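Examination of the molecular architecture
Next come the chains, spelled out residue by residue.
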Amino acid sequence: MPSLQFRLAKALVRLDTLLTLYGYAPLRYRRFLFDKVAPRLARKVPGVRSEPADLPGIPAEWLIPEGCEAGKAILYLHGGGYAIGCIDSHRSLASQIASAAGCRALIVGYRLAPEDPFPAAVEDAAAAFRWLLSRGYAPHRVAVAGDSAGGGLAVALMVYLREAGDPLPAAALLLSPWTDLEVTGGTCGTVGRKDPMLTPKILRDYARLYLGSRDPRDPLASPLYADLRGLPPMLIQVGTEEILLDDARRLARRAEEAGVEVRLEVEEGMFHVWQFFSPTVPESKEAVERLGGFARDRLAS
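In what follows, the accompanying structure is described. (Residues numbered from 1 in each chain as written. Predicted model: local features only at pLDDT ≥ 70, side-chain atom pairs only at ≥ 80, totals over all residues. Heavy atoms only, no water.)

So, the environment of Asp35
Topologically, Asp35 is positioned in helix α2 (residues 27-41). Owing to a relative accessible area of 11%, Asp35 belongs among the buried residues under this scheme. For the pair formed by Asp35 and Ile87, sequence separation is 52 residues and the distance between their alpha carbons is 8.4 Å. Residues within four places of Asp35 in sequence aside, it is in contact with Ile84, Gly85, Cys86, Asp88 and Ser89. Separated by 3.0 Å, the side chain of Asp35 and the backbone nitrogen of Gly85 make a polar contact. (Helix = DSSP H or I, 4+ residues; strand = E, 2+ residues; numbered from the N terminus. Buried < 20%, exposed > 50% of the residue type's maximum accessible area, 1.4 Å probe, protein only. Contact = heavy atoms within 4.5 Å. Polar contact = N/O pair within 3.5 Å; in protein donor to acceptor, adjacent residues only side chain to side chain.)

This is the structure:
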């Protein structure tokens, strides 16, 4: 049975979705709730300090756990449908993952739609990864991570780097990744209102803001349709009560077909990015610990 903390967290997520009128509220109001209100509810992660990063032209922040190993880093790309979300909204989650992995994380405030549509987010993510390498981080000592849209962006980043002839990171940590901006996954219909956060309408609205008139099957927008050959190992976490379940399962299947090492964790009863509630919710804390363990293993060499 899910923990009491988990059930309370799920109710809070559903309340937040109600407050945005299931996506009908103006974007500025959704940004206010996600970027200003939500961070006030998050606790500072003990033992993790933050400091500005001098990434040119892009807001970024270092999250540094006590006693972390030098020379290793996680590049964290926040979720929010490419239109909301920021460093403040995801500082706590990224700090939890950094602490579990025993290395510092660089969280990036990439440009958002509709002000800066596709491919601005991909370009900023690539600039952040290249900046890490310019600062002396070896690619095999860097992992890329992201939740929801940030998870899809992490895969798009790796495809972008491979096509540009750049080195690739050592691993990818993908939390409920949004990989299909055409919104064709079967669980969009079968999960339905069990998902306390997302609806197909919300996803299509964000896709329209991000893409404009661009093709939703562009591999750098929807990495589900990308050639995934040669990408590094992936850990994908997804819940059974989120409409993006099929986005994760289809990505895992395509990656395996391309010869990529994939670990897919489908968690019964979990909702979209339930890891957000670590460490208060036991199920969230356990998922974050597995993410950290995967990063530790892949960055060990």
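Still more to cover.
Some remarks on helix α8 (residues 245-257)
The terminal C-alpha atoms of α8 lie 19 Å apart, and with 13 residues this matches the ideal 18 Å at 1.5 Å per residue to within 8%. Residues Leu245, Asp246, Asp247, Ala248, Arg250, Leu251, Ala252 and Ala255 constitute the buried set of α8. Trailing α8 by a residue or two, Gly259 shows a phi angle of about 85°, which is positive. (Expected span 1.5 Å × (residues − 1).)

A closer look at the nonpolar core
Membership of the largest hydrophobic core comes to 70 residues, with the highest contact counts inside it found for Leu75 and Leu77. If you tally residues by element for this core, the top one is helix α5 (residues 149-164), at nine residues. The contact partners of Leu77, leaving out residues within four places of it in the chain, are Val108, Tyr110, Ala125, Val144, Ala145, Gly146, Asp147, Gly150, Leu153, Ala154 and Leu157. Grouped together as the second largest cluster of nonpolar side chains are 27 residues, Ile87, Ile107, Leu173 and Phe294 included. (Core = buried A, V, L, I, M, F, W, Y, C linked by side-chain atoms within 4.5 Å.)

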